[in-house]
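# A closer look at the structure
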Amino acid sequence: MNYFPDEVIEHVFDFVTSHKDRNSISLVCKSWFKIERYSRQNVFIGNCYSISPERLLRRFPCFKSLTLKGKPHFADFNLVPHGWGGFVQPWIEALARSRVGLEELRLKRMVVTDEGLELLSRSFVNFKSLVLVSCEGFSTDGLASIASNCRHLRDLDLQENEIDDHRGQWLSCFPETCTSVVTLNFACLEGETNLVALERLVARSPNLRSLKLNRAVPLDALARLMACAPQIVDLGVGSYEDEQDSESCLKLQAAIRKCTSLRSLSGFLEAAPHCLSAFHPVCHNLTSLNLSYAAEIHGSHLIKLIEHCKKLQRLWILDSIGDKGLEVVASTCKELQELRVFPTDLHGGGNTAVTEDGLVAISAGCPKLHSILYFCQQMTNAALITVARNCPNFIRFRLCILEPHKPDHVTSQPLDEGFGAIVQACKNLKRLSVSGLLTDQVFLYIGMFATQLEMLSIAFAGDTDKGMLYVLNGCKKMRKLEIRDSPFGDAALLADVNKYETMRSLWMSSCEVTLGGCKRLARKAPWLNVEIINENDNNRMEENGYEGRQKVDKLYLYRTVVGTRVDAPPFVWIL
Amino acid sequence: MAYEKVNELNLKDTELRLGLPGSGQVKEEQEVSCVRSNKRQHQSDNEEESTPPTKTQIVGWPPVRSYRKNNNSVVSYVKVSMDGAPYLRKIDLKTYKNYSELLKELENMFKFTIGEYSEREGYRGSGVVPTYEDKDGDWMLVGDVPWDMFPSSCKRLRIMKGSDALALDSAL
């Protein structure tokens, strides 16, 4: 390769797109490191505190797309207090000051402000794509800046963010000359939507492929929108509350029939039960279906829709579908790759919607299944063993039994054997979440067999430090480990400090680790940020000279090349 | 009135008494974030539970995003009609903890008294029968399903009285 001029090598590198592969290329030799540096287009930073914007710009001066992730995963479940961090402002400011030609920004679990969005919209002439997932801190005013100032905007994709909706006119801020929109997703906005502005925007966007509406867009508007965008591939229905056979309903049905490119359907945020039947004509082409927000649609209507969806690859649904419904999925959706079954009754009121039977049926009927997230009331080892035998191809296996510590409901045994079977059979397993009654034994199995495991979520499981040690010693590819309410302590935490340099992060909350243990860890590993999060007393632990034996409520540690972060709030103590 | 929780069995639920289901129950809700006891419950008395125990709420459990929790919360305002009344009312089902509170509120709203409920015979004695339309469009008797399930399945309420109610009464 070194006989070729740099431009040729660079051209070859263009074909290498995965971050892992590009990182590997850059390690081959100095020459390749340099070429790769200047040609890297997409940069992915899994933890915004692992590196600084300045160092990013020094290494990759020419990138066009940046992906940043902020808060740890358990922030999704309110375990990280408000104000912890993940601010994108310093990044936007640094990028704006530099000459980088940013075109795409993808943020997950970060705090974004209207000022930041305004700065972003004004600083990058070719900015095309903004994707915000689970972010917070901004309002529709920020969206208005993006709409007004980004002349070549292609994607505005807002997924499950907390956005302050000022019921403003952000949609009308898109200039009449803007015809480039490909993705428009504002399903998470709670307020009124300017329907006229929306319809005009859609009508002048011939490249529009993905449109996801919020609940303020009613049925008749949906009908008009679909009539002007028959090329749509991905549709998120907002509100669907109307009488069956009304004029709007009929218009909608007519419009839907023309949408021959429609492959993905979601939304139904407020939906009358009968509405799904309007979509039956397009079901045979659907590859992705997300009905997990349609709490008001009865299982029987869901089933009637799914019976037509023979090409489905991805299905997100509520457990109101029931085991019977999952059996229908299993016999209909032979192409299914990813399934998520979410709980409707969050307090486990005894209403057994889906059980181990549904999971077994799916595993038996869907040979291509590789990713599953399954919330249920009960499970057995026998069922998990069967699932493992039926589906050795799992890459992601996340099982959440709603009641903590719940054993096999037939034998009353822990579920160690069941999960053991899963990790033993699924040689490509990268992500695993365990639940139910579990002893150290399950972690022995995980450490022994889950050789490709990168992310593990543990809650209310294990007996002793041995459990955590099995995992740390065995899973060589572990990147993210998150543990809550499990009896693992300092011995496990401190056994192999160097392990944490090979991982992105470790989260431990309501475990047995002590302040003394964390301090020892921080001393031994200066390349780690060891954060103690203690919102209850604003970390007066330090001032009050708490004993080292004091248990730490929340510990979050991560490798970093830039040392202690400067934006930590008072309740975060970085050792 | 506090109730005893012994080995997760809710003894109050197994008491025999006349009265609406769910009345007199106090739902305990505590935010708990702690290491749960690891005493394993291998004993078979776990399987003898006749009713699910009231769950104390654990912070961040189950692991469902708050965005999703908020979205799937029950739309709880329902219309209430009473036979012979000139206009309908609307009530928020989420504000009631059990059937007895709901019925008391309805009694106040429409100025009537309702009879005693029994599983076998419905509401006897007053000629007034509370019914509701469920998600499938069927008209059901209020009180048959556990209170927890009621708000999510009830689309509207209708208080039947007069001849309709009497016919129901005598048919049972």
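You'll find the structure just up there.
Quick summary incoming for the structure in this document.

So, how was this worked out
Residues numbered from 1 in each chain as written. Chains lettered and ligands numbered in written order. Predicted model: local features only at pLDDT ≥ 70, side-chain atom pairs only at ≥ 80, totals over all residues. Heavy atoms only, no water. Core = buried A, V, L, I, M, F, W, Y, C linked by side-chain atoms within 4.5 Å. Buried < 20%, exposed > 50% of the residue type's maximum accessible area, 1.4 Å probe, protein only. Helix = DSSP H or I, 4+ residues; strand = E, 2+ residues; numbered from the N terminus. Contact = heavy atoms within 4.5 Å. Pairing = 2+ DSSP bridges. Phe/Tyr/Trp six-rings, centres within 6.5 Å; stacked < 30°, edge-to-face > 60°. Patch = residues over 30% accessible without salt bridge, like charges linked within 9 Å, V, L, I, M, F, W, Y side chains within 5 Å. Areas by Shrake-Rupley, 256 points an atom, 1.4 Å probe, with all protein chains shown as cover. Salt bridge = Lys/Arg side-chain N within 4 Å of Asp/Glu carboxyl O. Lys, Arg positive; Asp, Glu negative; His and termini not counted. Charge placed at Lys NZ, Arg CZ, Asp CG, Glu CD. Polar contact = N/O pair within 3.5 Å; in protein donor to acceptor, adjacent residues only side chain to side chain. Axes fitted to C-alpha atoms, helices over the stretch in contact; angles between N-to-C directions. Disulfide = S-S within 2.5 Å.

Counting residues in each nonpolar core, the largest one holds 187 residues, and the members touching the most others are A:L66, A:L184, A:Y240, A:F268, A:F279, A:F397 and A:I446. For this core, the leading source of residues is helix 9 (residues 219-228) of chain A, giving 6 residues. Ignoring any residue separated from it by four or fewer positions in sequence, one finds A:L184 in contact with A:L156, A:W170, A:L171, A:L198, A:L201, A:L208, A:S210, A:L211 and A:K212. In this structure, B:L103, B:I114, B:Y123 and B:C154 belong to the second largest nonpolar core, which totals 26 residues.

It is worth spelling out the pairing of strand 6 (residues 89-92) of chain B at this point. One face of the sheet, then the other: side chains in a regular strand alternate in exactly this way. Residues and elements named next belong to chain B. Looking at chain direction, strand 5 (residues 77-82) and strand 6 are connected through 4 bridges and run antiparallel. Within strand 6, the position partnered with V80 by the bridge is R89. Joining the antiparallel neighbours strand 5 and strand 6 is a turn of 6 residues, in which G84 adopts a positive phi near 95°.

Residues and elements named next belong to chain A. Following the criterion strictly, the structure yields 20 aromatic pairs over all chains and no others. An angle of 85° between the planes, with centres 5.5 Å apart, marks the rings of F268 and F279 as edge-to-face. Remark: F279 occurs in the loop between strand 11 (264-271) and strand 12 (288-290) and F268 occurs in strand 11; sequence separation between them is 11 residues. Here F268 falls in the buried class, since its relative accessible area comes to 0%.

The next thing to look at is a negative patch on the surface. Residues and elements named next belong to chain A. On the surface, D6, E7, E10 and D14 cluster together into a patch of negative charge. Residue placement: D14 occurs in the loop between helix 1 (6-13) and helix 2 (19-26). Look at D14 and you get partly exposed, because its relative accessible area is 44%.

All names here are of chain A. Positionally, S486 belongs in the loop between strand 19 (480-484) and helix 18 (490-494). In this structure S486 comes out as buried when scored by relative accessible area, which is 0%. Reaching out from S486, the side chain makes a polar contact with the backbone nitrogen of A461 at a distance of 3.2 Å. Here R484 takes part through its backbone oxygen, which lies 3.0 Å from a polar atom of the side chain of S486.

In sheet architecture, strand pairing relies on hydrogen bonds along the backbone and comes in two forms, parallel and antiparallel. All names here are of chain B. Overall, mixed pairing links the 5 strands, which are arranged 6-5-11-9-10 in an open sheet. The two strands at the open ends of the sheet, each matched to only one other strand, are strand 6 and strand 10 (139-141). Averaged over all pairs of adjacent strands, the angle between strand axes in this sheet comes to 30°, irrespective of strand direction.

Turning our attention to the state of the cysteines. A covalent bond bridging the sulfur atoms of two cysteines is what the word disulfide describes. Residues and elements named next belong to chain A. In the structure shown here, the tally under the stated rule is 0 disulfides over all chains. A disulfide-free cysteine, C188 has its sulfur positioned 9.8 Å from the sulfur of C135, the nearest such atom. Just so you know, C391 is unpaired, no disulfide at all, and the nearest cysteine sulfur is the one on C426, 7.5 Å from it.

Geometric values such as these leave the question of function open.
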